[in-house]
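Structural overview
These are the residues of each chain, in order.
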Amino acid sequence: MESSVESMEQVKRRRGQGPRFDGDMMSILEVSRDLMCICRTGIVVAINTAGARMLAAESAEQLIGRRLTDFVIPDYRPVVEMLLLGDASEEHPVPTRLLAGERRPRDVELQVFRAREIAHDAVVVVCRDTSREGQLANLAQEQDARIHLMVDNAMNLVAHIRDGAVHYVNGAGIAMLGAPGADALVGLPLANLFHEDYGELLEGETLEAVMADRAPTPMRLKRLDGGILDATVMIARLPSHRGGELMIEARDITAHNRAVVALRTTNETLERRVAERTAELEKANRSINDGIRYASRIQTAMLPDREALAGLVDEMAVGWHPLDIVSGDYYWAGTVGGKGVVAVMDCTGHGVPGAFMTAVVAASFSRILHHHTGDDPAEMLAELNRLVKSALRQDRDVAYSNDGLDAAVCVIDPAAACVTFAGAKLALLVGRGNGFEMIKPDRMSLGYLDSPANYRFTAQRIPYRPGDTFYLFTDGVSDQVGGPRRQLFGRTRLCDALAQVTAYPLEQQMDFLFHQIALWRGDEPPRDDQTFLAFRPAGGEPAERP
């Protein structure tokens, strides 16, 4: 039987007859995980590493010069021989069985392609392993390839430790450890990757505890240039037959730790600045509040004495409740030319702005009482309108503000037993017995840009009998919000509340009214300053007391 093995001289001679199989050609063959070879007249002239492994050869060089059919089970050789020599044409893979040394036959699908660009008698043979072992091997290779791809592109250090030394480290690990390449790390003892302080963690039971924890452990890695970086490290034992293989993953948290320190420092600085600023603000706030409280004392001093109408009224009660420390409400009571004058005024705003307005109004009203001896409340309102507009420069074509007030003025004439009333949007409530009459005001405010300087208010003369009571109040009293539907308290509820206590002294009536308003408001905060003034003119028998 003729030997199927060519001598090296024959192989060299055959190679000389065709093109050389240079590095580029072999690179193409090596890409495939299947057996790929080039044959001429059935003789192998080039074969890839996967093919050599499939045919149980130690190297591809052992297969060059041999007939490919030598590795095919005899039953399949005729068909394969015809395909190799071009005597048969098959477009689809042909099931074949290969002999691989002493191993059992391997099932493959063989396909032959003409390769005349290489030589007129050259063919490319592809054998895909279809055996169970081959499929499992291919699957394992694919998984290994995916794992290697993931590891190589991981952003964290991944290292394979074998027998206590570095066997593999990925690109991120090389960069983190400051190595010029993997060769500088491979073979290093595991302990050399870590700072000396962590040597005990990498030994015996302590290492087992770290691996059993399955959670990142803060540790410090040592770079080849001597630098130190903070990291969180996970160590796991690989399911390997060697038993001593470990996988290490480390995440560089040096920048994170620096950021934490910087953030902590920044927070401490901010907290210190906030504390300093808070102290400054508290000091400023105390100064402002002290100033406002002092302004409140001045404002309170501007209000009339409760005995200002002694001899003209039997009783008088005043409730003055600023929303803030100072108020935008103002009231006045006193005598002018033997007659009593009572006024209640509600200025724009509340708090400090409202208090400034009351100062302007108080000065203007004092000027009216001292320089205008008339006892007509309508004329008093008209003059107050002109003076406030002038004081705020709101009587010009160009004004920088638009502020004013609502007011009500009563003049008590004991000789005529009457009260003359004029109102600028503030009404007068008259109580007789258990009934009440609401005396409506003019629907015009004072001092605003749209308050005509020549507007004439209406004076209304109201005779009184013994026991009649007169009530003046700002809209802060009636406009408190509350109740189940969050409605205004309103004038009707005000009258109903006073009707329950008409026989009581005015101070008690006022206290009862404010108590009812507080109940109505409930959890709602107050909305405005509240001023309530009640007086009962002298000149008759007082009403019966309970």
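Overview of the structure.

A few words on the overall build of the chain. Scanning the chain from terminus to terminus reveals 13 helices and 22 strands. Put simply, the chain has 546 residues, and 42% of those count as buried. In the chain, the proportion of contacts linking residues at least 24 apart, taken out of those at least 6 apart, comes to 58%. Accessible surface, the chain: about 30000 Å² in total, of which carbon and sulfur atoms supply 52%.

Backbone geometry places Ala56, a non-glycine residue, at a positive phi of 60 degrees. Note that Ala56 resides in the loop between helix 3 (49-54) and helix 4 (77-85). A positive phi is found at Lys425, a non-glycine position, where the angle reads about 70 degrees.

Quick look at the environment of Gly227 now. On the secondary structure map, Gly227 appears in the loop between strand 8 (217-222) and strand 9 (228-237). Since its relative accessible area comes to 23%, Gly227 is described here as partly exposed. Along the primary structure Gly227 and Leu177 are separated by 50 residues, whereas in three dimensions their C-alpha atoms are 8.6 Å apart. Sequence-distant contacts of Gly227, that is, excluding residues within four places in its chain, are made with Leu221 and Lys222.

This part takes up the pairing of strand 4 (residues 106-114). By the bridge criterion, five bridges tie strand 3 (residues 94-98) to strand 4 in an arrangement that is antiparallel. Within the sheet, the bridge partner assigned to Arg97 lies in strand 4 and is Asp107. Of the pairings in the sheet, the one linking strand 4 to strand 5 (residues 122-129) comprises seven bridges and is antiparallel in character. Its bridge partner being in strand 5, Leu110 is matched across the sheet by Cys127.

Let's shift gears to a nonpolar patch on the surface. Side chains of Tyr294, Ile298 and Met302 sit close together on the surface and give an oily, nonpolar patch of about 290 Å² of accessible area. Topologically, Ile298 is positioned in helix 8 (residues 254-302). Given the relative accessible area of 44%, Ile298 is considered partly exposed.

Scanning the model with the defined rule gives eight aromatic pairs in all. Both rings, one in Phe436 and one in Tyr471, keep their centres 6.1 Å apart while their planes meet at 55 degrees; by these two values the pair is tilted. One end of the pair, Phe436, is in strand 17 (residues 435-439); the other, Tyr471, is in strand 19 (residues 469-473), with 35 residues separating them in the sequence. When its relative accessible area of 25% is taken as the criterion, Phe436 is described as partly exposed. Centre to centre, the rings of Tyr455 and Phe457 are 4.7 Å apart; their planes meet at 70 degrees, and the pair counts as edge-to-face. What makes Tyr455 partly exposed here is its relative accessible area of 24%. Ring pairs connect the aromatic residues Phe436, Tyr471, Phe514 and Phe532, which therefore count as one cluster.

This brings us to the packing of helix 12 (residues 490-499) against helix 13 (residues 506-521). One can describe the packing of helix 12 onto helix 13 by two numbers: an axis separation of 9 Å at closest approach and a directional angle of 135 degrees. Here helix 12 is positioned oblique relative to helix 13, judged by the angle of their axes. Read as a crossing pair, helix 12 and helix 13 show a hand that is right-handed. Here Arg493, Leu494, Ala497 and Leu498 of helix 12 lie close against helix 13, whose contacting residues are Gln509, Phe512, Leu513, Gln516 and Trp520. Residue composition of the contact of helix 12 with helix 13, by class: six nonpolar, two polar and one charged.

The rules behind the values
- Residues numbered from 1 in each chain as written.
- Predicted model: local features only at pLDDT ≥ 70, side-chain atom pairs only at ≥ 80, totals over all residues.
- Heavy atoms only, no water.
- Helix = DSSP H or I, 4+ residues; strand = E, 2+ residues; numbered from the N terminus.
- Buried < 20%, exposed > 50% of the residue type's maximum accessible area, 1.4 Å probe, protein only.
- Contact = heavy atoms within 4.5 Å.
- Areas by Shrake-Rupley, 256 points an atom, 1.4 Å probe, with all protein chains shown as cover.
- Pairing = 2+ DSSP bridges.
- Patch = residues over 30% accessible without salt bridge, like charges linked within 9 Å, V, L, I, M, F, W, Y side chains within 5 Å.
- Salt bridge = Lys/Arg side-chain N within 4 Å of Asp/Glu carboxyl O.
- Phe/Tyr/Trp six-rings, centres within 6.5 Å; stacked < 30°, edge-to-face > 60°.
- Axes fitted to C-alpha atoms, helices over the stretch in contact; angles between N-to-C directions.
- Parallel < 35°, antiparallel > 145°, perpendicular 65-115°, else oblique.
- Left-handed = near helix turned anticlockwise from the far one by under 90°.
- Nonpolar A, V, L, I, M, F, W, Y, C, P; charged D, E, K, R; others polar.

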